[in-house]
Amino acid sequence: MNKNRTYNWILYSLSIFATLLSPISFIGIVDIAYHTGYRNYIAQFGILLALPILYWVLKQMMDYEDVFQFIGERFGHGSFLLSKALWTVYQFLRIGIVLYIPSVMLEQLTSVSAYFWILLLALWAYGVARGGLLAVVRYDSLYSVILFLSMIVIAFKMMTNGILNQAVPSQKDSFSTWILLGASFQTFSSYLVSPDIQERFQNVGKAKLLKSILLNATLGILFTGFLYVIGVSLKQSGYQFNGTILLEYAKSEGLWIAIPVMIGVLLSAQTTLSTGYEILEKQYARKYSLPIIFGLNIFISSSLVALGGVSSYEFFVGYVGIFLSIISSLVLVGLIFSNFGKSMSLYVILCMCISLGVIRVFFQMEMWIYGLVPLISGLCSAWILIKLKQKA
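Attention shifts here to helix α3 (residues 46-61). If you check α3, its first and last C-alpha atoms are 21 Å apart, about what 16 residues at 1.5 Å a residue would give, namely 22 Å. At Pro52, α3 shows its largest bend, some 55°. Among the residues of α3, Gly46, Ile47, Ala50, Leu51, Leu54, Val57, Leu58 and Met61 are the ones counted as buried. Elements that come into contact with the buried residues of α3 comprise α4 (67-75), α8 (177-193), α9 (195-204), α10 (209-236) and α15 (322-336).

Looking now at the packing of helix α5 (residues 77-110) against helix α12 (residues 255-283). The N-to-C vectors of α5 and α12 enclose an angle of 155°; their axes lie 10 Å apart at closest approach. The pairing of α5 with α12 is recorded here as roughly antiparallel in orientation. By crossing handedness, the relation of α5 to α12 is classed as left-handed. For the contact of α5 with α12, the per-class residue count stands at 18 nonpolar, six polar and two charged.

The next subject is unusual backbone geometry. Phi is mostly negative for residues that are not glycine, and the peptide bonds are mostly trans. Residues other than glycine seldom take positive phi values, yet Ser111 does so here, at roughly 65°. Mapped onto the elements, Ser111 comes out in the loop between α5 and α6 (114-129). You can call Ser111 exposed: its relative accessible area is 70%.

Quick notes on the rules
- Residues numbered from 1 in each chain as written.
- Predicted model: local features only at pLDDT ≥ 70, side-chain atom pairs only at ≥ 80, totals over all residues.
- Heavy atoms only, no water.
- Helix = DSSP H or I, 4+ residues; strand = E, 2+ residues; numbered from the N terminus.
- Expected span 1.5 Å × (residues − 1).
- Bend = angle between axes of the 7 residues up to and from the residue.
- Buried < 20%, exposed > 50% of the residue type's maximum accessible area, 1.4 Å probe, protein only.
- Contact = heavy atoms within 4.5 Å.
- Axes fitted to C-alpha atoms, helices over the stretch in contact; angles between N-to-C directions.
- Parallel < 35°, antiparallel > 145°, perpendicular 65-115°, else oblique.
- Left-handed = near helix turned anticlockwise from the far one by under 90°.
- Nonpolar A, V, L, I, M, F, W, Y, C, P; charged D, E, K, R; others polar.

Rendered as structure tokens:
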């Protein structure tokens, strides 16, 4: 019985790692490493900085079905609807981009239409999601192991070609404290606000929660390290690429690189898609909810293909990811300010949105720092409103 429980918490932890990894990260991080070196790698250690408060908040949230139930009970039905709407928009955009990215890459590698790959990948994820949470978790765990193996194959091939030994830091790789702080809050938001992640941590249980978070942090740091080494070594070895780095490298090096890259892109997409289908279906439990989610996902991805796509990594992390920051800021405000009235919640949300708009329009800030804005404005506005209420 003890062995079974140990196996389960590792299984769910692997699923969390695989779910948080997507083609947005798989491809985008290599591009960032190629162009900027190791400077942004410090962001991967943000989870360690956020660990104390993340562990405390996740333990509090285990008493609720999901983060939306907490927001609803703390701030009222209006805030519940707003936060759930923000998350739903975020989730549909996420799985839309995640389905779009590998489909376009596979089109360029195989000369088969991106629309064909969109349909195939969506059907694959739909089939897994129909099996429910346990089926998704089992496949996620298997995919995470294969993803690491694919990285090892790429690293081995680069090492035999004399490329990997070029991956040394340079003078421009100075680490930024602001990046670390911003990334810690972004990581905190990803863990806290996603009902799929919270669902897995509830299955892990409070006793194994800390071990599970640490395992995920370790896996994320190691896997992302592989991606940074690939990007930096390609740059310092003199490779000149104008487009997506992994795609251009796979096309130039043949099957030894192309196959593990394709496997990595496909499986990182599948973990996100099947999890996205499963949790959206659970949140909107209706007779035809899963087919509707499947259809909307295909529509969004096909529209991106028709429109020529977006700068996926910057768009998703720098803009859409802010939705998570707003929701997680609400949770922190609700936990810290115990006398925070329901009637004030919408004012705090308004302050968050206004501050985000002002910062984005008048200041040029890195996306890591930008993610801190909702938290700071939410906490400050809540404190001011409570003080005004006390004086009145």
